[in-house]
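Spelled out from the first residue to the last, the chains are:
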Amino acid sequence: DTAVSQTPKYLVTQMGNDKSIKCEQNLGHDTMYWYKQDSKKFLKIMFSYNNKELIINETVPNRFSPKSPDKAHLNLHINSLELGDSAVYFCASSKQANSYEQYFGPGTRLTVT
Amino acid sequence: DQQVKQNSPSLSVQEGRISILNCDYTNSMFDYFLWYKKYPAEGPTFLISISSIKDKNEDGRFTVFLNKSAKHLSLHIVPSQPGDSAVYFCAAKPPGNTPLVFGKGTRLSVIA
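What counts and what doesn't
Residues numbered from 1 in each chain as written. Chains lettered and ligands numbered in written order. Predicted model: local features only at pLDDT ≥ 70, side-chain atom pairs only at ≥ 80, totals over all residues. Heavy atoms only, no water. Helix = DSSP H or I, 4+ residues; strand = E, 2+ residues; numbered from the N terminus. Rg over C-alpha atoms; globule rule 2.2 N^0.38 Å. Buried < 20%, exposed > 50% of the residue type's maximum accessible area, 1.4 Å probe, protein only. Contact = heavy atoms within 4.5 Å. Areas by Shrake-Rupley, 256 points an atom, 1.4 Å probe, with all protein chains shown as cover. Salt bridge = Lys/Arg side-chain N within 4 Å of Asp/Glu carboxyl O. Pairing = 2+ DSSP bridges.

1. Quick word on the overall build of chain A
Alright, step 1. Scanning chain A for helices and strands turns up 0 helices and 11 strands.
Alright, step 2. The secondary structure elements of chain A, listed N-terminal to C-terminal, are β-β-β-β-β-β-β-β-β-β-β.
Alright, step 3. At 13 Å, chain A has a C-alpha radius of gyration in line with the 13 Å of a compact globule built from 113 residues.
Alright, step 4. With the C-alpha coordinates of chain A rotated into their principal frame, the extents come out at 35 × 30 × 25 Å.
Alright, step 5. Split into buried and exposed, the 113 residues of chain A put 44% on the buried side.
Alright, step 6. Contacts in chain A between residues at least 24 apart in sequence constitute 55% of all its contacts with a sequence separation of at least 6.
Alright, step 7. Of the roughly 5700 Å² that chain A leaves accessible, carbon and sulfur atoms contribute 47%.

Here it is in structure tokens:
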């Protein structure tokens, strides 16, 4: 009964490959997010969806494409992976887009070799 | 351009003593501040928050203090317990449909 779940937990792949990370929340929240935690340990917002609509799109290469098939799911597809994409990616959700409290998934550690 | 700064990457405290984690911010538009706690291989979990109209919020062993004039907040944990050992992230939110802005985190080690 995990509130926010992500798969896979670990992902090792080679440069140039395409990969996807999946996220699901069972909290009934309207808003979902993708964050990236890089080697400098900053947690930075990448995207946010509210009721399946993109509302935040920070400066992220267009190789990253989020998809929200319904408001409980937000997947992240990454094309042509680069070494610099290696990071931990966290999915999160909140009741509404202007809610303060966010609930995070366990993270997906992506390593690009 | 770090809008939220946690200048201490790590802190060690003895069990039973007070832990004080600090956070500074630059954006005066932030109207809500949060602390998240993160264990290894897990996502951050919400710990405590404070609105910009308050200067103190307490929840059990955890108290957050906000000094708006200094653009500074702190998290006090009393008494500290070994299970409190984790990375603590400070986060701030501007009004509206805007994302949280996180600091780099402070690793707290509580020594038994």
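After presenting the structure, the write-up continues.
2. Quick notes on the pattern of salt bridges
Alright, step 1. Inspection of the entire model under this criterion finds 6 salt bridges over all chains.
Alright, step 2. Across the pair A:Lys71 and A:Asp30 runs a salt bridge, and its minimum N-O distance is 2.7 Å. Separated by 41 residues along the polypeptide, A:Lys71 in the loop between β7 (64-70) and β8 (73-78) and A:Asp30 in the loop between β3 (19-25) and β4 (31-37) bring together distant segments of the chain.
Alright, step 3. The closest approach of N and O atoms between B:Arg61 and B:Asp84, which form a salt bridge, is 2.8 Å. You can see B:Arg61 sitting in the loop between β6 (56-59) and β7 (62-67) and its partner B:Asp84 sitting in the loop between β8 (72-77) and β9 (86-93), a full 23 residues away along the chain.

3. Topic: the pairing of strand β11 (residues 106-111) of chain B
All names here are of chain B.
Alright, step 1. Only one face of β11 is buried, namely the one carrying Thr106, Leu108 and Val110, since none of Arg107, Ser109 and Ile111 on the opposite face is buried.
Alright, step 2. Here strand β2 (residues 10-14) pairs with β11 via 5 bridges, running parallel. Bridge assignment links Leu11 to a residue of β11, and that residue is Leu108.
Alright, step 3. Here β9 runs beside β11; their pairing, made up of 3 bridges, is antiparallel. Looking at the pairing, Ala86 lines up with Leu108 of β11.

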